[in-house]
Amino acid sequence: MHRITGKSKDEILVEMKNPEDSQSGEDYGHSLNSTSPTQSSMVTRSEGDAMSACLLSQMPGIWRKRALFLKFRSRIDKHPQSKDSVFFRDGVRRVDFVLSYMDDHTKDGEKKLERRKEYEANLIKAGLELEIEDKSESDDGKTYFLKIHAPWEVLATYADVLKIKVPFKANDIPSHYEMPLEWLFRPFQLPEKVMNPEPDYFTSPFDKSKIDFFLIEDKDTFFPPSTRNRIVYYILARCPYYKEDRKDKEKKGLKRLLNNGTYTSAFPLHDCRYWKPSKDPNCESERHNLYKHWAHFFCFYKEQPLNLIRKYYGEKIGIYFAWLGFYTEMLFFAAVVGLICFMYGLFTYDENVWSKEICDADIGGSIVMCPLCDKKCGYWKLNSTCESSWQSHLFDNVATVFFAIFMGIWVTLFLEFWKRRQSRLEYEWDLVDFEEEQQQLQLRPEYETKCTGRRLNRVTQEVEWVLHRNKVDFVGKLFLCWVTVVLWMALIIASIIGVIAYRLAVYAAFASIMKDSPTSKIQVVGSLITPQLATSVTASCINFVIIMILNFFYERVAIWITDMEIPKTHLEYENKLTMKMFLFQFVNYYSSCFYVAFFKGKFVGYPGKYTYMFGEWSSLRNEECDPGGCLIELTTQLVIVMAGKQLWGNVQEALVPWLWNWWGSRKARSHPESLYSRWEQDHDLQNFTQLGLFYEYLEMVIQFGFITLFVASFPLAPLLALFNNIVEIRVDAWKFTTQFRRPVAAKAHSIGAWEEILNAMAILSVVTNAFIVAFTSDMIPRLVYYYAYHPGNSPTMEGYIKDSLAIYNISQFPEQNQPEMNENPSWFNTSTILTCRYRDYRYPPGHEKEYAHTMQFWHILAAKLAFIIIMEHVVFVVKFFVAWMIPDVPSEVKARIKRERYLIQEYLHNYELEKLKVQLSQSNGCHAPPDSGCVSTITDRHEVFSECL
């Protein structure tokens, strides 16, 4: 490729694919091996060196210079400032990217050496400058470091290609945004220099032909380090490593070189050590500021320095932390309301009439319940579920309905207010017009490699690369991808069925073991342990382990099938992967909760005609809910999976990288500080992959599902999520700042496909919570009894328990349903106990409609369906009204965008006129003073030309 000049985007991209006419190998050797005068003076020659020099003089130029460098570089001592410096040895050129590699003396090592030679030569042809640190100077004595610097010409050219926005005028629009009662929020605020590290400017896409239009005070600092490493990575990802005589399109890009082991790592540098600022005045020390004001856990109550995060890490990471912070702020309101609802259940504990009846020795103690499983389960008394009934009341009360409705509205407010916050960030971070350039310019190198032709884009009128795929290949791979997704989702469902089978089989074992209450000897919690609770807790733990195992495998499967689809842009790639991963995670995490909420206890049949899981030939009878309801079991399942996932996620995110870094830097810790260079320190950190942020979003969206889809069963879920997120923000900040290499800066104007997923979950949450209140909770049956079937003249809940339990004649039990003789408790007497109770609304034995559903059952069913319809319509109407009332873009932001666009046009117009004046004056040969008539004539001509424009 030619050394970068002011060429068009298409010419540059074509040359990157075909590096033919290039600068000579002499230039390559000079750039690669460039050293400062100080270093050159340190190289001495002996007589043996003279003989070597004689032999080397007969080599071609590039090989001679490279061999000389390899021979003498081991004698060059480390630069004194290298431990904290982010510059080349000359102390002037900034290190924008670092590649590392190790010697490999196998046959494959020769191929790697050849690839590196060609790749580095092509990088120099692209205009980059390289400098090598010998392995003898590394802390392990094995690793070479290739430092890369992008000079001004390269940066300017690619800034033009990538349409990077740069300042051209200080922003003179006064900001009218003022926070009410600002003095109340001062303890939560950070210093202004940290919150706004840069002045506010009007910006415009960089144009190399209008270089004097922009505010360029110093070319070395005009582009910030995040922009520089983004540009360099763009070049590295597209630079080929094939020889000029062999054009192999597959041999291109840094990613392939990392995959085949040619290079061991590639990363931009942090600007300093995180625990103290850099001693070099040319270093920004932004990493230290982030650690001090953001990553410290004791700053958990402080606002996040989003502008500094964006400046250091790029917009993509900045938008994630902005979203996470806003989500945590909104969780505060949901957590407060959920806590109030929980306190209502706690304060109305003594008003729980039905629980009192269950615990009463004369009522619950006299009601004999039918066995909950075949053979191994005996008869039991209702008062044995006393504790679970009281626990259920904490979450299953009138406040549950209110909280379910509130959360439906809260979700809408959260999403709408986030859109407004996002639009404000888009304006402040110069991302308003980013979508178009994202689609046009951010092509994946893997896609470009597969392209076979070019065509004219009808919209942009630019020639672009296209991938020609026949229909059979496209449909076949698409079919294979989605069949794989479906098969893995089926695998999850199969594992859930296995857990359900475990619940059914183990429940009989627990019931048989606990028939004489052996847990009563356990202090404190012994009386709380029941067969239902033991089964639910162990099944939830097993389900959580299965979830973690399946996650591990499916992550790799999802990436493999997404790569097979060959998405065009990075945005398209992430969206495709997001949908596949979320579908899998949705089924993986929520299927067990859906089972407990909507299937358990709904299809059990009745004594004599029970329903079995795998048909009548199976011995696994479908589970029943105890008289306290299935809601407490759903709460148990939700708490175990949600809390377990959050605890495991935080341990995995914080502890694992720390352990790896501690182990990787063990050798360097024994070295003097002066020998541990900036690139070696970063090399020992963990690599932040391209999908690192994807997993952060996925974790939070799964949590969002727990607190919205099933929140009616557990009002404290938002409070748990709030505590987790307060820790999560600081753990993520600490991890990014201290444990990971600096990621390559990337742009993003929104949270991408996650926004659509959140919208879909918000709509689904209204439906699920309505069904939970109607079918999982006992709220509707109690209300129907209170208003329609209560005894006496005034509404009361007395007698509800007996009314909700049907009667069955024990003598009518089929043999396969009867408990074994040794399984019945000691108090059971077949001569005096003739009937048992079960949870249903059916006519008693001896009635003309024996064991058929009563009219009360149909009244309750109608009330449940009516509640679902009414709740959904009320919440959806309020949701759509709120969404309509709150515009996505604040009016202030709209006005500022219009004003900025007007000013950009005006300044560009004036700039072009000034250039035209100079050109006309030069073409007319007018060199007279400004007050002469010549200038007046030119000015008149400009005014006429301005009118034409």
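Residues numbered from 1 in each chain as written. Predicted model: local features only at pLDDT ≥ 70, side-chain atom pairs only at ≥ 80, totals over all residues. Heavy atoms only, no water.

**Student:** Hey, could you run me through the overall build of the protein chain in this one?
**Tutor:** Broken down by element type, the protein chain carries 32 helices and 14 strands. By the burial criterion, 53% of the 949 residues in the protein chain qualify as buried. Long-range contacts, defined as pairs at least 24 residues apart, comprise 78% of the intrachain contacts of the protein chain with a sequence gap of at least 6. Working note: accessible area of the protein chain is about 44100 Å², and carbon and sulfur atoms make up 61% of it. (Helix = DSSP H or I, 4+ residues; strand = E, 2+ residues; numbered from the N terminus. Buried < 20%, exposed > 50% of the residue type's maximum accessible area, 1.4 Å probe, protein only. Contact = heavy atoms within 4.5 Å. Areas by Shrake-Rupley, 256 points an atom, 1.4 Å probe, with all protein chains shown as cover.)

**Student:** Hey, could you run me through a nonpolar patch on the surface in this one?
**Tutor:** A cluster of nonpolar side chains, contributed by L184, F185, F188, F297, F298, F300 and Y301, occupies part of the molecular surface with about 730 Å² of accessible area. The exposure class assigned to Y301 is partly exposed, which follows from its relative accessible area of 39%. (Patch = residues over 30% accessible without salt bridge, like charges linked within 9 Å, V, L, I, M, F, W, Y side chains within 5 Å. Salt bridge = Lys/Arg side-chain N within 4 Å of Asp/Glu carboxyl O.)

**Student:** Before we go on, may I ask you to explain the pattern of salt bridges in this structure?
**Tutor:** All chains considered together, the criterion is met by 29 salt bridges. R310 is paired through a salt bridge with E315; the nearest N and O atoms lie 3.0 Å apart. For the pair formed by R310 and E315, the shared burial category is buried. One salt bridge connects D396 with R782, and the closest N-O pair in it is separated by 3.3 Å. Of this pair, D396 sits in the loop between helix 16 (386-395) and helix 17 (398-428) while R782 sits in helix 28 (residues 779-789); the two residues are 386 residues apart in sequence, bridging distant segments of the chain. Owing to a relative accessible area of 2%, D396 belongs among the buried residues under this scheme.

**Student:** Just checking my understanding: could you explain the packing of aromatic side chains for this structure?
**Tutor:** Any aromatic ring pair is given by two values, namely how distant the centres are and how the planes are angled relative to each other. Enumeration over the complete set of coordinates arrives at 71 aromatic pairs. An angle of 75° between the planes, with centres 5.2 Å apart, marks the rings of F594 and F710 as edge-to-face. Here F594 is found in helix 22 (residues 570-598), whereas its partner F710 is found in the loop between helix 25 (692-709) and helix 26 (717-739), with 116 residues between them in sequence. Judged by relative accessible area, F594 falls into the buried class, the value being 18%. For F710, a relative accessible area of 0% puts it in the buried group. Judged by centre distance (6.4 Å) and plane angle (35°), the rings of F599 and F603 are tilted. With a relative accessible area of 48%, F603 lands in the partly exposed category. The ring of W827 has K381 sitting right over it, with the charged end atom 4.7 Å from the ring centre. (Phe/Tyr/Trp six-rings, centres within 6.5 Å; stacked < 30°, edge-to-face > 60°. Lys NZ or Arg CZ within 6 Å of the ring centre and 35° of its normal.)

**Student:** Honestly, the confidence of the model for the protein chain in this entry has me stumped. Any pointers?
**Tutor:** One rule of thumb: low pLDDT means the predicted coordinates there are not for detailed reading. Taken residue by residue, the protein chain gives an average pLDDT of 79. The fraction at 70 or more is 78%. For residues 1-79, every residue scores under 50 in pLDDT, and the model assigns this stretch 133 contacts once sequence neighbours within four places are set aside. Counting interchain partners and residues more than four positions distant, the pLDDT-below-50 stretch residues 935-949 has 21 contacts. (pLDDT = per-residue confidence, 0-100.)

**Student:** Would you mind showing me how to read unusual backbone geometry here?
**Tutor:** In most cases, non-glycine residues show a negative phi, while peptide bonds are predominantly trans. Here the phi dihedral of D430 falls at roughly 60°; this positive angle occurs in a residue that is not glycine. Here D430 lies in the loop between helix 17 and helix 18 (434-441).

**Student:** For this particular structure, what's the right way to read the environment of E428?
**Tutor:** Checked against the element boundaries, E428 lands in helix 17. For the pair E428 and V893, spaced 465 residues apart in the sequence, the C-alpha separation amounts to 9.2 Å.

**Student:** Just to check I follow, could you spell out the packing of helix 12 (residues 286-295) against helix 13 (residues 306-313) for this structure?
**Tutor:** The relative placement of two packed helices is expressed as an angle between their axes plus a distance between the axes. Close contact between helix 12 and helix 13 brings their axes to 10 Å; oriented N to C, the two are set at 145°. Handedness of the helix 12/helix 13 crossing: left-handed. Only L308, I309, K311, Y312 and Y313 of helix 13 make contact with helix 12, whose side of the interface consists of E286, R287, N289, L290 and W294. Residues belonging to the contact of helix 12 with helix 13 are distributed by class as follows: six nonpolar, one polar and three charged. (Axes fitted to C-alpha atoms, helices over the stretch in contact; angles between N-to-C directions. Left-handed = near helix turned anticlockwise from the far one by under 90°. Nonpolar A, V, L, I, M, F, W, Y, C, P; charged D, E, K, R; others polar.)

**Student:** Before we go on, may I ask you to explain helix 25 in this structure?
**Tutor:** Two residues of an α-helix separated by three or four positions point the same way, owing to the 3.6 residues in each turn. Relative to the 26 Å expected for 18 residues at 1.5 Å per residue, helix 25 spans 26 Å between its end C-alpha atoms, a close match to the ideal helical length. In terms of burial, helix 25 is largely enclosed, as 17 of its 18 residues are buried. (Expected span 1.5 Å × (residues − 1).)

**Student:** So what exactly am I meant to see when it comes to the sheet that holds strand 1 (residues 97-102) here?
**Tutor:** In any sheet, the strands associate via hydrogen bonds between backbone groups, in a parallel or an antiparallel arrangement. Taken in spatial order, the four strands make up an open sheet running 2-3-1-6, and their pairing is antiparallel. In this open sheet, the two edge strands, each paired with only one partner strand, are strand 2 (129-133) and strand 6 (265-267). Mean inter-strand twist for the sheet, computed between neighbouring axes without regard to direction, equals 20°. Relative to strand 3 (residues 143-149), strand 1 runs antiparallel, the two sharing six bridges. Within strand 3, the position partnered with L99 by the bridge is L146. Relative to strand 1, helix 6 (residues 107-125) is tilted by about 165°, and along the sheet it contacts strand 1, strand 2 and strand 3. (Pairing = 2+ DSSP bridges.)

**Student:** How should the side chain of E755 be read in this particular structure?
**Tutor:** Structurally, E755 can be placed in helix 27 (residues 753-776). Within the buried set, E755 has no salt-bridge partner at all; the shortest N-O distance to an opposite charge, 4.8 Å, is to K419. Within the structure, E755 has its side chain in polar contact with the side chain of Q422 (distance 3.3 Å). Aside from chain neighbours lying at most four places away, what touches E755 is W418, K419, Q422 and S750. (Lys, Arg positive; Asp, Glu negative; His and termini not counted. Polar contact = N/O pair within 3.5 Å; in protein donor to acceptor, adjacent residues only side chain to side chain.)

**Student:** Sorry, what's going on with the nonpolar core here?
**Tutor:** Among soluble globular proteins, nonpolar side chains are generally buried collectively. In this structure, W323, Y327, W410, F414, Y590 and F706 are the most contacted members of the largest nonpolar core, which totals 144 residues. Among the elements that make up this core, the one with the highest residue count is helix 14 (residues 315-347) (16 residues). Other than its neighbours up to four places away in sequence, Y327 contacts W410, F414, M700, Q703, F704, I707 and N725. Among the nonpolar cores identified, the runner-up in size contains 45 residues, and I124, L155, A156 and F206 belong to it. (Core = buried A, V, L, I, M, F, W, Y, C linked by side-chain atoms within 4.5 Å.)

**Student:** Can you walk me through the environment of T796 in this structure?
**Tutor:** Among the structural elements, T796 can be located in the loop between helix 28 and helix 29 (800-803). For the pair formed by T796 and Y786, sequence separation is 10 residues and the distance between their alpha carbons is 5.7 Å. In this structure, T796 is in contact with Y785, Y786, H790 and P791, ignoring residues within four places of it in sequence.

**Student:** So what exactly am I meant to see when it comes to the side chain of Q646 here?
**Tutor:** The topology assignment puts Q646 in helix 23 (residues 631-664). With a relative accessible area of 10%, Q646 lands in the buried category. Here Q703 takes part through its side chain, which lies 3.0 Å from a polar atom of the side chain of Q646. Excluding residues within four positions of it along the chain, Q646 makes contact with Q703, L720, A721 and N724.

**Student:** What's the story with the packing of helix 27 against helix 30 (residues 855-885) in this structure? I'm lost.
**Tutor:** Closest axis-to-axis distance for the helix 27/helix 30 pair is 9 Å, and the angle between their directions is 150°. Comparing their axes, helix 30 and helix 27 come out roughly antiparallel. Considering only the axes of helix 27 and helix 30, their crossing is right-handed. Contact residues: helix 27 offers A762, I763, V766, V767, N769, A770, F771, V773, A774 and F775, while helix 30 offers L861, K864, L865, F867, I868, M871, E872, V875, F876 and K879. A class-by-class count of the residues in the contact of helix 27 with helix 30 yields 16 nonpolar, one polar and three charged. (Parallel < 35°, antiparallel > 145°, perpendicular 65-115°, else oblique.)

**Student:** Help me understand the pairing of strand 2 in this model?
**Tutor:** In regular strands, side chains alternate between the two faces of the sheet. Counting buried residues along strand 2, five of its five residues qualify, which places the element largely inside the surrounding structure. The two faces of strand 2 match: E129, E131 and E133 on one face and L130 and I132 on the other face are all buried. Relative to strand 3, strand 2 runs antiparallel, the two being bridged by five bridges. Looking across to strand 3, one finds that I132 is bridged to L146.

**Student:** Help me understand the state of the cysteines, please; the structure alone is not making it clear to me.
**Tutor:** Put plainly, a disulfide is one covalent bond tying together the sulfur atoms of two cysteines. Within this structure, the stated rule accounts for three disulfides. Each disulfide pairs two cysteine sulfurs, and for C359 the partner residue is C386, the sulfurs being separated by 1.8 Å. With the S-S bond torsion at 100°, the cross-link from C359 to C386 turns out right-handed. Of this pair, C359 sits in helix 15 (residues 353-359) while C386 sits in helix 16; the two residues are 27 residues apart in sequence, bridging distant segments of the chain. The exposure class of C386 is buried, given its relative accessible area of 16%. (Disulfide = S-S within 2.5 Å.)

**Student:** Whenever I open this one, helix 12 confuses me. Can you help?
**Tutor:** Across the 10 residues of helix 12, eight count as buried, placing the element largely inside the fold. Turning to helix 12, its buried residues number three or more, namely E286, R287, H288, L290, Y291, H293, W294 and A295. Considering only its buried residues, helix 12 is in contact with helix 8 (192-195), helix 13, helix 14, helix 24 (678-683) and helix 26.

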